Number of protein chains: 2
Amino acid sequence: MTVSKTPPDHDASSVEPQDMEDMEGLRQAIELLFFAYRDFTAEPDAILAHYNFGRAHHRVIYFVGRNSGITVSQLLDILQITKQSLARVLRQLIDEGFIEQRQDLGDGRRRLLHLLDKGVEIEALLTARQAARIAAAFAAAGADAPQGFKDVLRGMINKKDRQRV
Amino acid sequence: MTVSKTPPDHDASSVEPQDMEDMEGLRQAIELLFFAYRDFTAEPDAILAHYNFGRAHHRVIYFVGRNSGITVSQLLDILQITKQSLARVLRQLIDEGFIEQRQDLGDGRRRLLHLLDKGVEIEALLTARQAARIAAAFAAAGADAPQGFKDVLRGMINKKDRQRV
DNA sequence: AAATATACGTCAGCCTTGTTGACATATATG
DNA sequence: CATATATGTCAACAAGGCTGACGTATATTT
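All figures in this text were calculated on a predicted structure; none of them were measured in a lab. (Residues numbered from 1 in each chain as written. Chains lettered and ligands numbered in written order. Predicted model: local features only at pLDDT ≥ 70, side-chain atom pairs only at ≥ 80, totals over all residues. Heavy atoms only, no water.)

### Points about the protein's contact with DNA strand D
The full set close to DNA strand D counts 28 residues, and Gly54, Thr82 and Arg88 of chain A together with Ser73 and Lys83 of chain B are the nearest of them. When atoms of DNA strand D within 4 Å of the protein are split into backbone and base, the sugar-phosphate part holds 60%. At 3.4 Å from a phosphate oxygen of DNA strand D is found a main-chain nitrogen or oxygen belonging to Ala56 of chain A. Arg111 of chain B places a polar main-chain atom, nitrogen or oxygen, 3.4 Å from a phosphate oxygen of DNA strand D. For the surface near DNA strand D, the secondary-structure elements that each account for two or more residues are α2 (55–66) and α4 (83–95) of chain A together with α3 (72–79) and α4 (83–95) of chain B. Split into classes, the residues belonging to the surface near DNA strand D amount to 5 nonpolar, 13 polar and 10 charged. (Near = heavy atom within 4 Å. Polar contact = N/O pair within 3.5 Å; in protein donor to acceptor, adjacent residues only side chain to side chain. Helix = DSSP H or I, 4+ residues; strand = E, 2+ residues; numbered from the N terminus. Nonpolar A, V, L, I, M, F, W, Y, C, P; charged D, E, K, R; others polar.)

### Comments concerning the protein's contact with DNA strand C
Neighbouring DNA strand C are 28 residues; Ser73 and Lys83 of chain A together with Thr82, Ser85 and Arg88 of chain B lie closest to it. Among atoms of DNA strand C positioned within 4 Å of the protein, sugar and phosphate together represent 60%. In the environment of DNA strand C, a phosphate oxygen lies 2.9 Å from a nitrogen or oxygen atom belonging to the side chain of Arg59 of chain B. Elements that contribute at least two residues to the surface near DNA strand C include exactly α3 (72–79) and α4 of chain A together with α2 (55–66) and α4 of chain B. Taken together, the residues of the surface near DNA strand C break down into 6 nonpolar, 12 polar and 10 charged.

### What to know about α2 of chain B
Across its 12 residues, α2 of chain B extends 16 Å between first and last C-alpha, which sits within 8% of the 16 Å expected from 1.5 Å per residue. Regarding α2 of chain B, the residues found buried are His57, His58, Val60, Ile61, Tyr62, Phe63 and Val64 of chain B. (Expected span 1.5 Å × (residues − 1). Buried < 20%, exposed > 50% of the residue type's maximum accessible area, 1.4 Å probe, protein only.)

### With respect to helix α1 (residues 23–50) of chain B
All names here are of chain B. In this model, α1 (28 residues) spans 42 Å end to end at C-alpha, consistent with the 40 Å of a helix rising 1.5 Å per residue. With 20 of its 28 residues buried, α1 lies for the most part within the structure. Note on α1: the residue one or two positions beyond its end, Asn52, has a positive phi of about 60 degrees.

### A few points about the interface of chain A and chain B
At the junction of the two partners, chain A supplies 71 residues and chain B supplies 71 residues. In total, about 7,500 Å² of surface goes out of reach between chain A and chain B, with carbon and sulfur atoms giving 67% of it. The three residues of chain A that bury the most area against chain B are Ile30, Leu32 and Met156 of chain A, which together make up 9% of that side's buried surface. Counting across the interface, chain A meets chain B through 8 salt bridges. Close ionic contact of Glu31 of chain B with Arg66 of chain A constitutes a salt bridge, the shortest N to O distance being 2.6 Å. (Contact = heavy atoms within 4.5 Å. Buried area = accessible area lost by both parts, 1.4 Å probe. Salt bridge = Lys/Arg side-chain N within 4 Å of Asp/Glu carboxyl O.)

### Some remarks on the relation of the copies chain A and chain B
Structural alignment of chain A on chain B gives an RMSD of 0.0 Å, achieved by rotating through 180 degrees and translating 0.0 Å along the axis. Taken together, the rotation and translation relating the two chain copies correspond to the operation of a two-fold axis. Minimal C-alpha separation from the rotation axis in chain A is found for Phe149 of chain A, amounting to 1.9 Å. Of all interface residues in chain A, 100% are interface residues in chain B too; the two copies therefore contact each other through one and the same surface. (Least-squares fit on C-alpha atoms with pLDDT ≥ 70 in both.)

### Concerning the confidence of the model for chain A
Taken residue by residue, chain A gives an average pLDDT of 90. The fraction at 70 or more is 87%. With pLDDT under 50 throughout, residues 4–19 of chain A is counted as low confidence; its partners more than four residues away or in other chains account for 18 contacts. (pLDDT = per-residue confidence, 0-100.)

### Some remarks on the packing of α2 of chain A against α3 of chain A
All names here are of chain A. Interhelical geometry of α2 versus α3 gives an angle of 120 degrees and a closest axis separation of 11 Å. One element, α2, and the other, α3, form an angle in the oblique class. In this structure, α2 crosses over α3, and the sense of that crossing is right-handed. Residues Arg59, Val60, Phe63 and Val64 of α2 form the contact with α3, whose own contacting residues are Leu75, Ile78 and Leu79. A breakdown of the residues in the contact of α2 with α3 according to their chemical character gives 6 nonpolar, no polar and 1 charged. (Axes fitted to C-alpha atoms, helices over the stretch in contact; angles between N-to-C directions. Parallel < 35°, antiparallel > 145°, perpendicular 65-115°, else oblique. Left-handed = near helix turned anticlockwise from the far one by under 90°.)

And the structure:
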């Protein structure tokens, strides 16, 4: 392996374009988002591992729980993954009795997804953990912080999906 | 395939434990976080694909850029992945001339990581895109929103890493 | 009624990025 | 000199993305 020998540097202060005076604040936001999301997902991931499930299962369970009777294609719109990727985890969730699909009486091509008891249970557990983390952060921040938090997140979402939440 | 036939239901309103009166707001936050992070990462991912890089490369480039001279183990602490996972992408980044490692003169076991020109360039591009998205969201939200946004995110990070940002 | 479009499922194979476990080397430190 | 630390690497595996191809049931259009 080739390793060059040089004194440790500290890269002084780098030049920032003047039209980006607030770059530092934006970089802070980028990093906070990384760390927060990292820890926000790590906790559910650990729980899911007990069921031999992963983050992909979590997403499906969550959004089916939140939108009972959602169709497969609506779920695909939310997750923005391919149907093959969804099929893999959905099949497991159905086979293992966490989710049930019923045929839509109006349009027989559609499969309406519903959580079964086991699904409701794990959804509640996972959501409770994530909600608790957010609730703690809300409580620690100022009273106006939750609104600011949500408003900024909403603004970060592509227009098309902003009205979803 | 077995599909039960039942009329479409709307699952009425589910029961919420009374100690979680604000559950709706917390669920909103959970979903906003999901959608915002999804779109926040999708844009860089698309750019990185042109270089045959992925999200893992982005993280390394970003944090090496932000912490010039960072060691491998410090980077591992941030990313919270195994050294083998890091090694795979780091090797590519070094081989392809995006990152350089220099030996620490104080402690010769350490490798200090630095962006090379190509690395600086792509880092700037990716960060500019993400910063622009956040800047737009900041501008669209109220003047106090950015502070609330950051405060809540900070509160969501595990204590150990809160002081990082 | 026939043709086409839509919703969904599935098979096969590939890639990235995470994991574990084992082991090697250089350098620091006790 | 012995041990601990920082790093690198090989091998194998799993999760969860992807593409492409194809099948079937149901709706819709012609």
